[in-house]
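The primary structure of each chain is shown beneath.
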Amino acid sequence: MTMHPRPSPIAAAMYQLRDLGVDAIILHGPAGCCFRTARLLEMDGVRVFTTSMDENSIIFGAEDKLVETLDYVINYLNKEKPIIGVVGTCMSMIIGENLNVKDDRAIIIPVEVHSGLGDNTIGAIKAMEAALEVGLIDREEFERQCYLLKKATELEKKRGMAKEKYIKPSYEDDTNKVIEVLKDLKGEKIACVLNAKKETAYLFVHPLIVLNKYFDCINIANLDCSKGLKKIREDAKNILKRFKPHYITGSLDEYPIAGEKAVEILESLDISAVVVSGIPHALPIEKLDIIKIAISDGPRTYYPIKEIYDYAIIEFDAHAKVLGKRDVVKSRFGEILDYALR
């Protein structure tokens, strides 16, 4: 049992609906439910509404609120056949609300989800089940997505933030020390590995772009733009305009499994060090006898990464910084590197 805060299945369902290309999401619950996720998704172009369930809703139900909100959203969007996700919350599930509202003016994806389901990826899988039901994806892509989501959970439980009951927040190794290590590598060949989760690649690729300015780098990345949902493929295409990998390990949604291929490639290279940016704990990198530097997101990620890397750097609020972006976003560490390595 994990005893530190973890992502919510409701939030995961909302992000998955974003990847599916919905025009809007209706949260059937209190106005404050998943407030931060809702605000962040609005930055990414998804309109998020709430039925604002209250105490009276607990007693009398709130189906009328949902129907009224749906009508408002359809009129607000003012487009032919908008795609609208209807997402459950703890309150709507506890009182047994029906999310299967019908309206011929829109494609409606009802996702029966609440925070007590367990792993956050369950919410994303439920969103995919609903999308399959209404015909937005085919069976092959549904099974692929479910496999990747389960592998992501497995990764976090074995090697990431969910591996311990409680992981206290921490930050990073001395940045000056890491820079000195890199300066000592001038003239040697290093590998830059991007193994990033979806749109966070816009930020995590930045320090690797900087390193390519100053080092002889071999670039490895999960930037296959032929697989995944539409937004995932487009994000990869955008990044490929700015970063040219010598090897591609998979797509941006394949980060839980692309790490193994990255290590296979690294084992064949004659390099002095490797810098892995994004989800570095997905690489079984312990077997490599070289200098290993990791760049990731979140203060609870530091300890799991530090167990397998020589140095760990944390980028704060990486996800919030990339929402709504369609080009490379400067990272804190990347900017420090660009100044320090001149």
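Above: the structure in question.
Small disclaimer: the values here were computed from a predicted structure and weren't measured. (Residues numbered from 1 in each chain as written. Predicted model: local features only at pLDDT ≥ 70, side-chain atom pairs only at ≥ 80, totals over all residues. Heavy atoms only, no water.)

### Notes on the packing of aromatic side chains
Enumeration over the complete set of coordinates arrives at four aromatic pairs. Here the aromatic rings of F49 and Y76 are separated by 5.6 Å at their centres, their planes lie at 75 degrees, and the arrangement is edge-to-face. Here Y76 lies in helix α4 (residues 63–77) and F49 lies in strand β2 (residues 47–50), a separation of 27 residues in the sequence. Looking at F49, the relative accessible area reads 16%, which means it is buried. Their ring planes at 75 degrees and their centres at 5.3 Å tell us that Y302 and Y303 sit as a pair that is edge-to-face. Through successive ring pairs, a cluster of aromatic residues spans F49, Y72 and Y76. (Phe/Tyr/Trp six-rings, centres within 6.5 Å; stacked < 30°, edge-to-face > 60°. Helix = DSSP H or I, 4+ residues; strand = E, 2+ residues; numbered from the N terminus. Buried < 20%, exposed > 50% of the residue type's maximum accessible area, 1.4 Å probe, protein only.)

### Some thoughts on the sheet that holds strand β5 (residues 189–195)
Ordered by their spatial adjacency, six strands build an open sheet running β7-β6-β5-β8-β9-β10, and the pairing between neighbours is parallel. Two strands bound the open sheet, and with one partner strand each, they are β7 (247–248) and β10 (311–315). Note: β5 against strand β8 (residues 273–278), six bridges, orientation parallel. Pairing of A191 across the sheet is with V274, part of β8. Each of β8, β9 (291–297) and β10 is contacted by helix α8 (residues 175–184), which is oriented at about 120 degrees to β10, the strand it contacts most. Helix α12 (residues 255–267) rests against β5, β6 (216–221), β7 and β8 of the sheet, and its axis sits at about 165 degrees to β5. (Pairing = 2+ DSSP bridges. Contact = heavy atoms within 4.5 Å. Axes fitted to C-alpha atoms, helices over the stretch in contact; angles between N-to-C directions.)

### A closer look at unusual backbone geometry
At K81, a residue that is not glycine, the phi angle is positive and equals roughly 50 degrees. For K81, the position within the fold is in the loop between α4 and β3 (83–88). Residue class for K81 comes out partly exposed when judged on its relative accessible area of 42%. With a phi angle near 55 degrees, D317 is a residue other than glycine that sits in the positive phi range. Among the secondary structure elements, D317 is positioned in the loop between β10 and α14 (318–322). The partly exposed category is assigned to D317, whose relative accessible area is 47%.

### Observations regarding the sheet that holds strand β4 (residues 107–111)
Hydrogen bonding along the main chain pairs the strands of a sheet, whether they run parallel or antiparallel. In space, the four strands of this open sheet follow the order β2-β1-β3-β4, with parallel pairing throughout. Every interior strand has two partners, whereas the edge strands, β2 and β4, have only one. Neighbour to neighbour, the strand axes of the sheet diverge by 20 degrees on average, direction disregarded. Two elements, strand β1 (residues 24–28) and β2, share four bridges in a ladder whose sense is parallel. Each bridged residue has a counterpart across the sheet, and for I25 the counterpart in β2 is V48.

### What to know about the environment of P110
Within the fold, P110 resides in strand β4. For P110, a relative accessible area of 18% corresponds to the buried category. Distance from P110 to A31, taken between C-alpha atoms, is 18 Å for residues 79 residues apart in sequence. Leaving out residues up to four positions away in the same chain, P110 has contacts with V86, L99, N100 and A130.

### Remarks on the pattern of salt bridges
Counting across every chain of the model gives 26 salt bridges. Measuring nitrogen to oxygen at the nearest pair gives 3.1 Å for the salt bridge that ties E141 to R144. You can see E141 and its partner R144 sitting in helix α7 (residues 139–159), three residues apart, about one turn around the helix. Here the two residues E141 and R144 agree in accessibility, since each one is buried. Here E154 makes a salt bridge to K151, at a shortest N to O gap of 3.2 Å. Highlighted residues: E154 and K151, both in helix α7, separated by three residues, approximately one helical turn. (Salt bridge = Lys/Arg side-chain N within 4 Å of Asp/Glu carboxyl O.)

Interpretation in functional terms is not warranted from these geometric data alone.
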